Amino acid sequence: MTHYSAFSLFREALRGNTGWTRAWRDATPKPAYDVVIVGGGGHGLATAYYLAKNHGLTNVAVIEKGWIGGGNTGRNTTIIRSNYMIDGNTAFYEHSMKLWEGMSRDLNFNVMYSPRGQLNLGHSPAQMDALARRGNIMRMNGIDAELLSREEVRQRVPILDYSDHARFPIHGGLWQQRAGTARHDAVAWGYARGADAQGVDIVQNCEVTGYLREHDRIVGVETTRGPIRAKKVGLAVAGHTGQLAAKAGLRLPIETHVLQAFVTEAIKPVIDCVVAFGAVHFYVSQSDKGGLVMGGDLDGHNSYGQRGDLPIVEETMAAAKALVPLVSRLRLLRHWAGVMDMTMDGSPIICRAPVDGLYINGGWCYGGFKATPASGWCFAHTIAHDAPHPLNARFTLDRFRRGHQLDEKGMGPTPWAH
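Being a predicted model, the structure only gives us computed values, none of them experimental.

How each quantity is defined
Residue positions are given per chain, counted from 1 along the sequence in the order it is written. At least 70 in pLDDT is required for a residue's local features to be given in this predicted model, at least 80 for side-chain atom pairs to be given and counted, and no such filter applies to totals for whole chains, interfaces and linings, which use all residues. For side-chain calculations, the full set of non-hydrogen atoms in the structure is used, while hydrogens and water are omitted. Numbering of helices and strands runs from the N terminus; a helix is a DSSP stretch of H or I covering at least four residues, while a strand is a stretch of E covering at least two. What the globule rule says is 2.2 Å times the number of residues to the power 0.38, and the radius of gyration is computed from C-alpha atoms. We call a residue buried when its accessible area falls under 20% of the maximum for its residue type, exposed when it is over 50%, and partly exposed in between, using a 1.4 Å probe and counting protein chains only. Only heavy atoms matter for contacts: two residues are in contact if any of them lie within 4.5 Å across the pair. Angles run from 0 to 180 degrees between N-to-C directions of axes, and those axes are lines fitted to C-alpha atoms, restricted for helices to the stretch in contact. Any angle that falls under 35 degrees is termed roughly parallel, while one over 145 is termed roughly antiparallel, one within 65 to 115 roughly perpendicular, and all others oblique. Crossings are sorted by hand: turned counterclockwise from the far helix by less than a right angle, the near helix makes the crossing left-handed, and turned clockwise it makes it right-handed. The nonpolar class holds Ala, Val, Leu, Ile, Met, Phe, Trp, Tyr, Cys and Pro. Asp, Glu, Lys and Arg form the charged class, and all remaining residues, Gly among them, are polar. Each residue after the first adds 1.5 Å to the expected span of a helix. When DSSP finds at least two bridges between two strands, those strands are taken to pair. pLDDT expresses how confident the predictor is about each individual residue, on a scale running from 0 to 100. The charged-residue count follows a simple rule in which Lys and Arg add positive charge and Asp and Glu add negative charge, with His and chain termini not counted at all. Counted as salt bridges are all cases of a side-chain nitrogen of Lys or Arg within 4 Å of a carboxyl oxygen of Asp or Glu. Definition of a polar contact: a pair of N or O atoms within 3.5 Å, with one able to donate and the other able to accept a hydrogen when the atoms are protein atoms, and with sequence-neighbouring residues admitted only if both atoms are side-chain atoms. Side-chain rings of Phe, Tyr and Trp, where Trp is taken by its six-membered ring, are said to pair if the distance between their centres is within 6.5 Å; with planes under 30 degrees apart they count as stacked, over 60 as edge-to-face, and otherwise as tilted.

Engineer: Help me out: how do you make sense of the overall build of the protein in this one?
Structural biologist: Tallying secondary structure elements over the protein gives 10 helices and 18 strands in all. Taking 22 Å as the expected radius of gyration for a compact globule of 418 residues, we find that the protein reaches 22 Å, a close match to that expectation. For the protein, the spread of C-alpha atoms along the principal axes amounts to about 70 × 60 × 40 Å. Classification of the 418 residues of the protein by burial places 57% in the buried group. For the protein, the share of sequence-separated contacts (at least 6 apart) that also reach a separation of at least 24 residues comes to 75%.

Engineer: Sorry if this is basic, but what is going on with the packing of helix H3 (residues 90-107) against helix H6 (residues 184-197) here?
Structural biologist: As a packed pair, H3 and H6 sit with axes 10 Å apart at the nearest point and diverge in direction by 45 degrees. Between H3 and H6, the crossing angle belongs to the class labelled oblique. With respect to the hand of their crossing, H3 and H6 are arranged in left-handed fashion. Facing Trp-100, Met-103 and Leu-107 of H3, the residues of H6 in contact are Val-187, Gly-190, Tyr-191 and Arg-193. Here the residues of the contact of H3 with H6 are counted per class, giving five nonpolar, one polar and one charged.

Engineer: Which parts of the structure should I look at to understand the packing of H3 against helix H9 (residues 372-385)?
Structural biologist: For any two helices packed against each other, the geometry is given by the interaxial angle and the distance between the axes. Contact pair H3 / H9: the axes reach a minimum separation of 7 Å and the direction vectors enclose 110 degrees. For the element pair H3 / H9, the angle class is roughly perpendicular. From H3, Phe-92, His-95, Ser-96, Leu-99, Trp-100 and Met-103 reach across to H9, where they touch Thr-372, Pro-373, Ala-374, Ser-375, Trp-377 and Cys-378. Of the residues belonging to the contact of H3 with H9, the class tally is eight nonpolar, four polar and no charged.

Engineer: Looking at this structure, I do not really get H6. What am I missing?
Structural biologist: Three or four residues apart is the spacing at which side chains of an α-helix point the same way, because the helix has 3.6 residues per turn. Over its 14 residues, H6 runs 20 Å from end to end, which matches the ideal 20 Å to within 8%, given 1.5 Å per residue. Those residues of H6 that fall on the buried side of the exposure criterion are His-184, Asp-185, Ala-186, Val-187, Ala-188, Gly-190, Tyr-191, Ala-192, Arg-193, Gly-194, Ala-195 and Asp-196. Buried-residue contacts for H6 involve helix H2 (42-55), H3, strand S8 (201-203) and H9. Of the residues one or two after H6, Gly-199 is the one with positive phi, at around 100 degrees.

Engineer: I would appreciate a short explanation of the sheet that holds strand S14 (residues 282-286) in the present structure.
Structural biologist: Adjacent strands of a sheet pair through backbone hydrogen bonds, lying either parallel or antiparallel. The mixed open sheet is built from eight strands, whose spatial order is S5-S6-S4-S13-S14-S15-S12-S16. Because the sheet does not close on itself, it has two edges, and the strands there are strand S5 (146-149) and strand S16 (332-343). When the angles between neighbouring strand axes are averaged without regard to direction, this sheet yields 25 degrees. In the packing of helix H4 (residues 125-140) onto the sheet, the strands contacted are strand S4 (118-122), S5 and strand S6 (172-176), and the crossing angle to S6 comes to about 20 degrees.

Engineer: Which parts of the structure should I look at to understand the pairing of S14?
Structural biologist: Looking along a regular strand, one sees the side chains alternate between the two faces of the sheet. Of all five residues in S14, five are buried, a share of seventy percent or more. In S14, alternate side chains face the same way, and those of Phe-282, Val-284 and Gln-286 on one face and Tyr-283 and Ser-285 on the other are all buried. As consecutive antiparallel partners, strand S13 (residues 274-277) and S14 are separated by four residues. Where S14 and strand S15 (residues 292-302) come together, four bridges link them in antiparallel fashion. Bridge assignment links Tyr-283 to a residue of S15, and that residue is Gly-295. Taken together, S14 and the strand that follows it, S15, pair antiparallel across an intervening segment of five residues, in which Gly-290 is found at a positive phi of about 105 degrees.

Engineer: What should I look at first to understand the confidence of the model for the protein in this one?
Structural biologist: Any segment with low pLDDT has predicted coordinates that should not be analysed in fine detail. In the predicted model, the protein carries a mean pLDDT of 93, and 96% of its residues have values of at least 70. Throughout residues 413-418 the model reports pLDDT below 50, and contacts reaching past four residues in sequence, or to other chains, amount to 22 contacts.

Engineer: Looking at this structure, I do not really get the environment of Gly-88. What am I missing?
Structural biologist: Residue placement: Gly-88 occurs in the loop between strand S3 (79-80) and H3. A relative accessible area of 14% means that Gly-88 is categorised as buried. If sequence neighbours within four positions are ignored, Gly-88 has contacts with Leu-391, Arg-394 and Phe-395.

Engineer: What exactly am I supposed to notice about unusual backbone geometry here?
Structural biologist: A negative phi holds for most residues other than glycine; trans holds for most peptide bonds. A positive phi angle, close to 55 degrees, is found at Asn-108, a residue other than glycine. Considering the arrangement of structural elements, one finds Asn-108 in the loop between H3 and S4. We note that Asn-205 has phi near 55 degrees; this positive angle belongs to a residue other than glycine. A residue is classified by how much of its surface remains accessible, and Asn-205, at 54% relative accessible area, is exposed.

Engineer: Before we go on, may I ask you to explain the side chain of Arg-81 in this structure?
Structural biologist: Checked against the element boundaries, Arg-81 lands in the loop between S3 and H3. Among buried Asp, Glu, Lys and Arg side chains, Arg-81 stands out as unpaired, with Glu-408 the closest opposite charge at 7.4 Å. Within polar-contact distance, the side chain of Arg-81 engages the side chain of Asn-83 at 3.0 Å.

Engineer: Just checking my understanding: could you explain the packing of aromatic side chains for this structure?
Structural biologist: Two aromatic rings are characterised by how far apart their centres lie and by the angle between their planes. Enumeration according to the criterion identifies 11 aromatic pairs in this entry. Arranged with centres 3.9 Å apart and planes meeting at 5 degrees, the rings of Tyr-84 and Tyr-93 form a pair that is stacked. There is no split in this pair, since Tyr-84 and Tyr-93 are both buried. Between Phe-92 and Tyr-93, the ring centres sit 5.2 Å apart and the planes meet at 85 degrees, which makes this aromatic pair edge-to-face.

Now the structure itself:
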């Protein structure tokens, strides 16, 4: 692994950054692999990394239709948390949190994990009861949680609207100290470099157009760079899960929606944690550059476009102003959008597909970025052993047929709630 001194960093800055070595190989696809992972975002790269590290499977390719980290991994608000309460989700997201805490050391790459804490606000006595219930479940599962009073919230985040005429009066909140943020593109780069170092091929600009079949089994993929055979094919393509599953003859219980994010011009530090607005679906943190990074609700229509609509801009900015009045004096610098595959119960799918040779990782709703390490960990186990890890044993596709849904209320809306 190449290490750079302060002098070498200064030298490269002076000569136009022309002497850096590649962090990973830009591989040409081989005719065949043991495993092909479709999708070069955080989940796909993490899966490849853990296939190599945990299971010794290195004859693996990650194929990406664009560039590494160019999809949802680079189009989110970077929030990490494990404040889930449904059996099946609770242990999974807490395992993800523990992997986040050691990720920079494990990958030997700084992913800028910042445990600055997350505050979920309560705006009524009923909401405070719901937050207390969630916090108690978290604590019984060994997850840090603290119920805060109105005054404790005010001491921690004084910039919110605590006035007598506030549209949504603040009664208190639920605090998770270990929650926070990480640098999204650094996560993709770190996993890419780690997987490459163990022999995994990372193939960019290679779009899957179909599958290779023998009888009733999938034995590879057809791509824009030719056919690639594989003993096993794993899908980790976020909002395009339904499209690629359809090419295999599957109709999944998901919808794809656009989720927008926003950032303001840079200002001096005013908020040192993540705040989630309990009355309106809105959340905010402040980036290292000083901009307020904000997110809100889904665009109310199905779309694969990585751009948003103006009604959500208006709705989100109204929520921002109601919660943080100083936002009204700031300029919105830019906004962007990712495409999310939404299951009807708000929980993901990590399992073998009904078609032999195919494995599915999708349906992440609002949980995608924060789940990255545990998703890769569990998907790698499922692919390597043809059986789920205990942490993803309930994330089956057939739970929707059986009526055993994991309905995680309060963690973000599902499309069926609109």
